[in-house]
Amino acid sequence: MHASLMNRGKDYAIGNSLLVGLTLAVVVLPQAIAFSTTLAGLPPYFGIYAAIWGVLFTALLNPSRIFHGGPNSAMSAVIGVTLLPVAPQFGNDYIGYALSLILMAGVFQLLFLLIPALGRMLDFLSEPVINGMICGIGLFLIFKSFAGFAGLPINTEVEWPLWIAWQTFLAMLEIGNMHAIHIGLVTLVVTVLARQFQPIRNAAILLGIIAGTLLSEYLNSRYGLENTLIEQTADMSAIGFVFPSLPLFTQEAMPDLISIIPGAITLALLGLFQTVAAMRRMNRKQGHYISARHGIFADSLSNCLLPFISSLPTCASFNRMWLMHAMGAVSRLAAVFSGLILLLLVLFFSDLIAIIPIPAMAATIMIVGANMIKWSDIKPHFHNLPEAIVFSASFVSVHVFGLFGAVICGSLLALAYAKWEKAHPNVSMDGNILRIKGNIYYGSLPVIESLFHKAISQQDELVVDFSAVHHIDPEGVRWLTELRKHEKVRFMDRRSGIDRRTGKRVKHSKTDRRQRRVL
């Protein structure tokens, strides 16, 4: 009886994993092609390989049962933006630079894993910063899709500044290919309508692309491809189990490779930020904890291997992980099945995939970009002024300073926000006792000193109570040392040195003992 129930449980787990894997394969296929062709400027098989091999690598390297790595819109956009000034898109040099860029990003990610201090820096990136950057990138994706949506040549795609994107939008209205615009609109409408019905919600993008492709085939059969000028995905010839490739590290290419290092750092950080953020959110949703270091390990190793098989870089996807969680995925088999099922799909249906029109892909990117801007995620930040400022600054910096500038700006803002909160300790007067609650460090000293001088001018004797001080940095120690020489000042520390929970004496570090000697 028990064995029978166990077998039924295993059968259910495998059957459910197959269902989840099939759903994920259907969801990720159009996104993989769109990210590769429309955002990264690479052949479609790059995105498909990321959705197959990238998903398999990260599933095997991460213990989480719902971790789903794969192609990512923001990372794909970084590749396109970084390499556009270096070489013509879709060319051999461009592909070589792209592989080098992805490999460099993988190595940088590996450094974050191997150097704990670097990895710890990721923890300082707060949610307002991440959400601000994601919303900014979402708006960029919408604007970046205009050219493909209107059937304009690839080299007219928008740059980062929004005012240039606005010019592209006006150009789309003036010289856009109306056949392409009709296909994009049909894709958009069908996708949005399908998302309103829960049973087909997860397949909405696929249904939209099918509708756009059918319209494209109808227009081509009626007017001819030479008249409609509708660009198609086309090149699926390289699809197979593995398409070996090598990064471009020649002596002639070195100046260009050096120039794309900031882009590689951006690519690495964006991937890690999104993986860490996705794992944090899923830990809260599920109520258990899996260290983000597992995600960093999976991402970094995967992105060091993927350039050698012509693949886009990968990172965790919160949407796909949430889909796995909602469908009751109980093991990593679901992610493994999604990669294998997608491999079968592209092997047997590559001819159908090759006729997908680019305007339909661009419409998909628009929807992905719109999905990245969620008011439900943004609204809580505007309940707190400092968070609202950090979110808004991160959002704007994406469009003013570019992606690399946004990463730097976001990181600095996160640190500044944390320091700002600690720079305002609770300082109060109780008779002639000045009570300090918080931290005494270089950032909070100006606040504490101003209140101290005001208090000492009003009292014949002042007692400084630092029983509730959590941390004192070297500058704080020097200030207290000077304060001790003041004849009107006495110190009070009500801490007994006994741990209230265990009743045992607390063993202080060398730094603590040094500080206590000074006091």
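Residues numbered from 1 in each chain as written. Predicted model: local features only at pLDDT ≥ 70, side-chain atom pairs only at ≥ 80, totals over all residues. Heavy atoms only, no water.

Student: Any chance you could explain the overall build of the protein here in plain terms?
Tutor: Secondary structure summary: the protein contains 23 helices and four strands in total. Burial analysis of the protein (519 residues in total) assigns 52% to the buried set. Sequence separation of at least 24 residues holds for 78% of the intrachain contacts in the protein that already meet a minimum separation of 6. For the protein, the accessible surface area stands at approximately 24500 Å², while carbon and sulfur atoms represent 64% of it. (Helix = DSSP H or I, 4+ residues; strand = E, 2+ residues; numbered from the N terminus. Buried < 20%, exposed > 50% of the residue type's maximum accessible area, 1.4 Å probe, protein only. Contact = heavy atoms within 4.5 Å. Areas by Shrake-Rupley, 256 points an atom, 1.4 Å probe, with all protein chains shown as cover.)

Student: Help me understand unusual backbone geometry in this model?
Tutor: A negative phi angle is the norm for most residues apart from glycine, just as the trans form is the norm for most peptide bonds. One non-glycine residue with positive phi stands out, namely S310, at about 55 degrees. Summarising the element assignment, S310 is placed in the loop between helix 14 (292-305) and helix 15 (318-326). Relative accessible area serves as the criterion here: at 2%, S310 is assigned to the buried category.

Student: Can you walk me through the nonpolar core in this structure?
Tutor: Burial of nonpolar side chains together is a common tendency in soluble globular proteins. Judged by nonpolar contacts, the single largest core of 94 residues is most densely connected at L42 and I79. If we ignore the near neighbours within four places in the chain, the residues touching I79 are A40, L42, Y94, A98, L101, I102, L267, L312 and P313. With 19 residues, the next largest nonpolar core counts I448, I456, V469 and I472 among its residues. (Core = buried A, V, L, I, M, F, W, Y, C linked by side-chain atoms within 4.5 Å.)

Student: Honestly, a nonpolar patch on the surface in this entry has me stumped. Any pointers?
Tutor: On the surface, V107, L111, L114, I115, L118 and M121 cluster together into a nonpolar patch covering about 490 Å² of accessible area. When residues of the nonpolar patch are traced back to their parent elements, those giving at least two are helix 4 (92-114) and helix 5 (116-121). With three residues, the single largest contributor to the nonpolar patch is helix 4. (Patch = residues over 30% accessible without salt bridge, like charges linked within 9 Å, V, L, I, M, F, W, Y side chains within 5 Å. Salt bridge = Lys/Arg side-chain N within 4 Å of Asp/Glu carboxyl O.)

Student: For this particular structure, what's the right way to read the side chain of D473?
Tutor: Checked against the element boundaries, D473 lands in the loop between strand 3 (462-472) and helix 22 (474-484). Despite its burial, D473 pairs with no opposite charge, the nearest such side chain being R478 at 6.8 Å. In this structure, D473 is in contact with I440, Y441 and Y442, ignoring residues within four places of it in sequence. (Lys, Arg positive; Asp, Glu negative; His and termini not counted.)

Student: Can you help me understand the packing of helix 21 (residues 445-456) against helix 22 in this one?
Tutor: Two quantities define a packed helix pair, namely the angle between the helix axes and the distance between the axes. Helix 22 packs onto helix 21 with a crossing angle of 15 degrees between their chain directions and a minimal axis gap of 11 Å. Put simply, helix 21 runs roughly parallel to helix 22. Of the two possible hands of crossing, helix 21 and helix 22 adopt the one that is right-handed. On helix 22, the residues that touch L445, I448, E449 and F452 of helix 21 are E475, G476, W479 and L483. Here the residues of the contact of helix 21 with helix 22 sort into five nonpolar, one polar and two charged. (Axes fitted to C-alpha atoms, helices over the stretch in contact; angles between N-to-C directions. Parallel < 35°, antiparallel > 145°, perpendicular 65-115°, else oblique. Left-handed = near helix turned anticlockwise from the far one by under 90°. Nonpolar A, V, L, I, M, F, W, Y, C, P; charged D, E, K, R; others polar.)

Student: It is not clear to me how the confidence of the model for the protein should be interpreted in this structure. Could you clarify?
Tutor: Close inspection of predicted coordinates is inappropriate for parts of the model with low pLDDT. Averaged over all residues, the pLDDT of the protein equals 79, while 84% of them reach at least 70. Within the protein, the lowest mean pLDDT, 48, falls on helix 23 (residues 510-518), and the highest, 91, falls on helix 4. Note on residues 155-160: pLDDT under 50 across the span, and 20 contacts to partners over four residues away in sequence or across chains. Counting interchain partners and residues more than four positions distant, the pLDDT-below-50 stretch residues 514-519 has 13 contacts. (pLDDT = per-residue confidence, 0-100.)

Student: When you look at the sheet that holds strand 2 (residues 433-440) in this model, what are you seeing that I'm missing?
Tutor: What holds strands together in a sheet is hydrogen bonding between their backbones, with the strands either parallel or antiparallel. Reading across the sheet, the four strands line up as 1-2-3-4 and stay open at both edges, with mixed pairing between neighbours. The sheet terminates laterally at strand 1 (426-430) and strand 4 (489-492), the two strands that pair on one side only. Each strand axis lies, on average, 25 degrees off the axis of its neighbour in the sheet, ignoring direction. Pairing between strand 1 and strand 2: five bridges, direction antiparallel. Bridged to S428 within strand 2 is R435. Across the sheet, helix 21 touches strand 1, strand 2, strand 3 and strand 4, and the angle it forms with strand 2 is around 175 degrees. (Pairing = 2+ DSSP bridges.)

Student: Sorry, what's going on with the pattern of salt bridges here?
Tutor: Opposite charge on two side chains allows them to pair when their charged atoms are near. Inspection of the entire model under this criterion finds four salt bridges. Where R490 meets E461, a salt bridge forms, and the shortest distance between an N and an O atom there is 3.1 Å. Of this pair, R490 sits in strand 4 while E461 sits in the loop between helix 21 and strand 3; the two residues are 29 residues apart in sequence, bridging distant segments of the chain. Residue classification places R490 among the partly exposed residues on the basis of a relative accessible area of 43%. Note that K485 is salt-bridged to E482, the shortest N-O span being 3.4 Å.

Student: I tried to follow helix 14 on my own but got confused; where do I start?
Tutor: Note on helix geometry: an α-helix contains 3.6 residues per turn, so any two residues three or four positions apart are oriented the same way. Its 14 residues give helix 14 an end-to-end C-alpha distance of 20 Å, which sits within 8% of 20 Å, the value for a rise of 1.5 Å per residue. Those residues of helix 14 that sit buried are A292, G295, I296, A298, D299, S300, S302, N303 and C304. Those residues of helix 14 hidden inside the fold are in contact with helix 2 (44-61), helix 4 and helix 13 (261-286). (Expected span 1.5 Å × (residues − 1).)

Student: Please clarify how the environment of D460 should be interpreted in this entry.
Tutor: One can find D460 in the loop between helix 21 and strand 3. In this structure D460 comes out as exposed when scored by relative accessible area, which is 72%. For D460 and E487, which are 27 residues apart along the polypeptide, the C-alpha to C-alpha distance reads 9.9 Å.

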